[in-house]
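Overview (structure and organization)
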Amino acid sequence: MISCIPDKIYGINHSVMQIPSRQEIIRKLRNNNKKISLVFPIYYPSALLRAFDIHPVEILNAPDVDLSLADAHIQSYTCSLGRILLSFIKEERFQNQYDLIFIPHICDTFQQIGSLLVDFIRPSQPVINFYLPKRSDETGISFCIDELKRIAGILENVCGSKLDIKRLTLELGKDIEINNLLKEVFEKREFLPVSDTDFYRIITSKTYLPPDDFIKILKELLASKTDSKRKTGKRIFISGISAEPPEIFEIINSHNASVVFDDLAVSGRRIIDFSGFSDEPFRRQSEMMLYTMPDAEKGSPIEKRAYWIREKIKRTGATGGIFYIMKFCEPEFFDYPQLKKYLLSEGTKTFLIEYEMTGKVSKQNINRIQSFIEGL
Ligand code: SF4
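These lines cover the structure that appears in this document, whether it is placed above or below.

Cut-offs applied
Residues numbered from 1 in each chain as written. Predicted model: local features only at pLDDT ≥ 70, side-chain atom pairs only at ≥ 80, totals over all residues. Heavy atoms only, no water. Helix = DSSP H or I, 4+ residues; strand = E, 2+ residues; numbered from the N terminus. Buried < 20%, exposed > 50% of the residue type's maximum accessible area, 1.4 Å probe, protein only. Contact = heavy atoms within 4.5 Å. Areas by Shrake-Rupley, 256 points an atom, 1.4 Å probe, with all protein chains shown as cover. Lys, Arg positive; Asp, Glu negative; His and termini not counted. Charge placed at Lys NZ, Arg CZ, Asp CG, Glu CD. Salt bridge = Lys/Arg side-chain N within 4 Å of Asp/Glu carboxyl O. Pairing = 2+ DSSP bridges. Axes fitted to C-alpha atoms, helices over the stretch in contact; angles between N-to-C directions. Right-handed = clockwise from strand over helix to strand, strands pointing away. Near = heavy atom within 4 Å. Nonpolar A, V, L, I, M, F, W, Y, C, P; charged D, E, K, R; others polar. Domains from an automatic or database assignment.

A few words now on the overall build of the protein chain. Assigned secondary structure in the protein chain consists of 14 helices and 10 strands. With the C-alpha coordinates of the protein chain rotated into their principal frame, the extents come out at 60 × 45 × 45 Å. Counting only residues that meet the buried cut, the protein chain has 58% of its 376 residues in that class. A separation of at least 24 residues holds for 72% of the contacts in the protein chain among residues at least 6 apart in sequence. Surface summary for the protein chain: the accessible area is close to 15900 Å², and the carbon and sulfur share equals 52%. Charged side chains in the protein chain number 51 positive and 50 negative. The centres of these two groups are separated by 3 Å.

Within this structure, the stated rule accounts for 34 salt bridges. Between E147 and R150 there is a salt bridge, with the nearest N and O atoms lying 2.6 Å from each other. Here R150 and E147 lie together in helix α6 (residues 138-159), a separation of three residues that amounts to about one turn. On the basis of relative accessible area, E147 is assigned to the buried category, the value being 7%. Here D263 ties to R269 by a salt bridge, and the two come within 3.0 Å at their closest N and O atoms. Owing to a relative accessible area of 0%, R269 belongs among the buried residues under this scheme. A single salt-bridge network, built from bridges that share partners, covers R50, D53, R167, E171, K174, D175 and D212.

Reading across the sheet, the four strands line up as β4-β3-β5-β6 and stay open at both edges, with parallel pairing between neighbours. Edge positions in the sheet fall to β4 (54-58) and β6 (127-130), since each has one partner strand and no second. Across the sheet, the axes of successive neighbouring strands diverge by a mean angle of 25°, strand direction being ignored. Pairing analysis gives four bridges linking strand β5 (residues 100-104) to β6, with the strands arranged parallel. The residue of β6 that forms the bridge with I101 is V127. Against the sheet, helix α1 (residues 22-31) contacts β3 (35-39) and β4, and its axis sits at roughly 160° relative to β4.

The next point concerns the environment of L218. Inspection of the secondary structure puts L218 in helix α9 (residues 211-223). L218 gets classed as buried once you look at its relative accessible area, which sits at 0%. Along the chain, L218 and M357 lie 139 residues apart, while their C-alpha atoms are 27 Å from each other.

Moving on, we come to helix α4 (residues 80-90). Burial analysis of α4 places 10 of its 11 residues in the buried class, which makes it a mostly covered element. Check the buried side of α4 and you find it contacts β3, α3 (68-71), β5, α5 (108-121) and β9 (320-326).

Turning our attention to the pairing of strand β8 (residues 257-264). Burial runs high along β8: eight of the eight residues are buried. Here seven bridges tie strand β7 (residues 234-240) to β8, and the two strands are oriented parallel to one another. Among the inter-strand pairings, G240 is bridged to a residue of β8, identified as L264. Assessed by its sense of winding, the connection that carries the chain from β7 through helix α10 (residues 247-254) to β8 is right-handed.

Spatial strand order, β8-β7-β9-β10: four strands in an open sheet with parallel pairing. In the strand order of this sheet, the two ends are held by β8 and β10 (349-355), each with one partner. Direction aside, neighbouring strands of the sheet carry axes that sit 25° apart on average. Across the sheet, α10 is in contact with β7, β8 and β9; its angle to β8 comes to roughly 140°.

Here we take up the site of the ligand. Close to the ligand lie C79, L81, C107, T109, F110, I241, E297, M326 and C329. Considered class by class, the residues forming the shell around the ligand number seven nonpolar, one polar and one charged. Per-domain counts for the shell around the ligand show at least three residues from each of domain 1 (34-163) and domain 2 (231-374).

Structural measurements only, silent on function.
In structure tokens form, the structure reads like this:
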């Protein structure tokens, strides 16, 4: 049995599988004089950054940051992820942990923070704003290619070295290997001897682990596959950006229910179900960001999201779903009413839990999860 131990600093964890914490990875890279980019989730050209020897580290939660640092710059009705990330950048004690700030504009909040940083706050590290297209057709791909070339030019200036196309191709190959392993891990989820909490912790360690380390962990996880399905009780799914803090899964499990699939932007939605990748590296990097599962943050049509969730429900036998949505997250709230109506018409009950990103799940939300599961 694999189990994880919480890393109190960043809200992400390490385990007896020897998953190092985010903090340990940062320390190790720093000791080896490696460059680190703080990246805002979720879609960014990871391989392109690594081709410049810059290791991307995403922050999903940081329960110990001082949120008043962000409150001085943005409205109180900004989502807690945006407030956490801005506060993290402003906190002096974290400032020597990264060399670059990379912001994909997936929503108005990140766009606002990106502008604030460049125009007013002006941190000592360079800030790169990345304009992610909200469509995945040929127009979106070609916009993305141009955008990546622009970013490559900025990175050449920042690093003082030319892009090595061979290195970019190599790094893209690692991301494809990760995607193939992740697909297998998601398919075999019910045969893996890990709790829902640990499964989430393993999957989200992708947000900071070097690719070779993450590949090793995924292979180790797949090697632990058993012949019998784990006991699930009531079968549910979870949808949203992330499931922070991961203790949310323990609450679900303690009420005789299990998560049989997720529609989380940091987890299941990141899978790429596509095999005809282009040989041209900039196009391939674009395909890898735009051909992931339907996602509100990428402006995916609601029909595609509904169809994807319905197919997953059919395949896994889920009887209900929790939409775990961060307060003030417009893209997620915008889709929910239609998804709820559609899924109910297909016989699946869903329930909305609104939350603020903190180190704890509120008592009120624990009670609400309990009543929803009991009613299934
Ligand atoms: S997508 Fe939602 S949670 Fe993420 S930054 Fe935007 S508003 Fe916040």
